[in-house]
Amino acid sequence: MNREVTLPLIVDDRGTLQVAAADVSKLLRTVGGRWLRLVEAGEDGLDEDTVAALTIELAKLADRIDVACIAHSSLR
């Protein structure tokens, strides 16, 4: 299953980013990392394959945000 997610960058009238992309990317990667640590610790009710797949998708989304922001910054 391959679903595209479009995340518009939040900018003001001057094109200034209003959300720190680095913070969003870090949050996504941190959530995935915490899920993995819970699985490694043997947390009940977490499927290792599902957590791994979700963590990969969060990392891909974080990468896309980073790339979009780099592209946005390079247009200036």
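Structure's up top.
Okay, so let's go over this structure. (Residues numbered from 1 in each chain as written. Predicted model: local features only at pLDDT ≥ 70, side-chain atom pairs only at ≥ 80, totals over all residues. Heavy atoms only, no water.)

### A closer look at the overall build of the protein
Definition in use: For the purposes of this entry, the term helix denotes a DSSP run of H or I that reaches at least four residues, the term strand denotes a run of E that reaches at least two, and both are numbered from the N terminus. The cut-offs for exposure are 20% and 50% of the maximum accessible area for each residue type, with area from a 1.4 Å probe on protein chains only; residues under the lower value are buried, those over the upper are exposed, and the others partly exposed. Residue contacts are counted whenever heavy atoms from the two residues lie within 4.5 Å of one another. Calculation of accessible area relied on Shrake-Rupley with a 1.4 Å probe; when residues are assessed, cover is drawn exclusively from the protein chains displayed.
In terms of regular secondary structure, the protein is built from 2 helices and 0 strands. Of all 76 residues assigned to the protein, the portion counted as buried reaches 20%. For the protein, restricting intrachain contacts to residue pairs at least 6 apart in sequence, the fraction spanning at least 24 positions comes to 61%. Per element, the accessible surface of the protein, about 6,100 Å² overall, is 57% carbon and sulfur.

### Observations concerning helix 1 (residues 21–40)
How we decide: Take the residue count of a helix, subtract one, and multiply by 1.5 Å to get its expected span. This arc is built from the directions going out from the helix axis to the C-beta atoms.
Along its 20 residues, helix 1 runs 29 Å from first to last C-alpha, staying within 8% of the 28 Å computed at 1.5 Å per residue. Looking at helix 1, one finds that the buried residues are Ala21, Ser25, Leu28, Gly32, Gly33 and Val39. Taken around the axis of helix 1, the buried residues stretch over an arc of 130°, which confines them to a single face. Residues of helix 1 that are exposed and angled more than 90 degrees away from the buried face: Ala22, Asp23, Lys26, Leu27 and Arg34. After helix 1 finishes, the residue glycine 42 shows a positive phi value of roughly 80°.

### What about the pattern of salt bridges?
Definition in use: Salt bridges are counted wherever a side-chain nitrogen of Lys or Arg sits within 4 Å of a carboxyl oxygen of Asp or Glu.
Tallied over the entire structure, the rule returns 3 salt bridges. A salt bridge links arginine 29 to aspartate 63; the nearest nitrogen and oxygen atoms lie 2.9 Å apart. Placement of arginine 29 in helix 1 and of aspartate 63 in helix 2 (residues 48–74) is noted, with a sequence separation of 34 residues between them. Among the residues examined, aspartate 63 registers a relative accessible area of 39% and is labelled partly exposed. Measuring nitrogen to oxygen at the nearest pair gives 2.8 Å for the salt bridge that ties arginine 29 to aspartate 66. On the criterion of sequence distance, the pair formed by arginine 29 in helix 1 and aspartate 66 in helix 2 is long-range, its members being 37 residues apart. Here the residues in one salt-bridge network are Arg29, Asp63 and Asp66, joined through shared partners.

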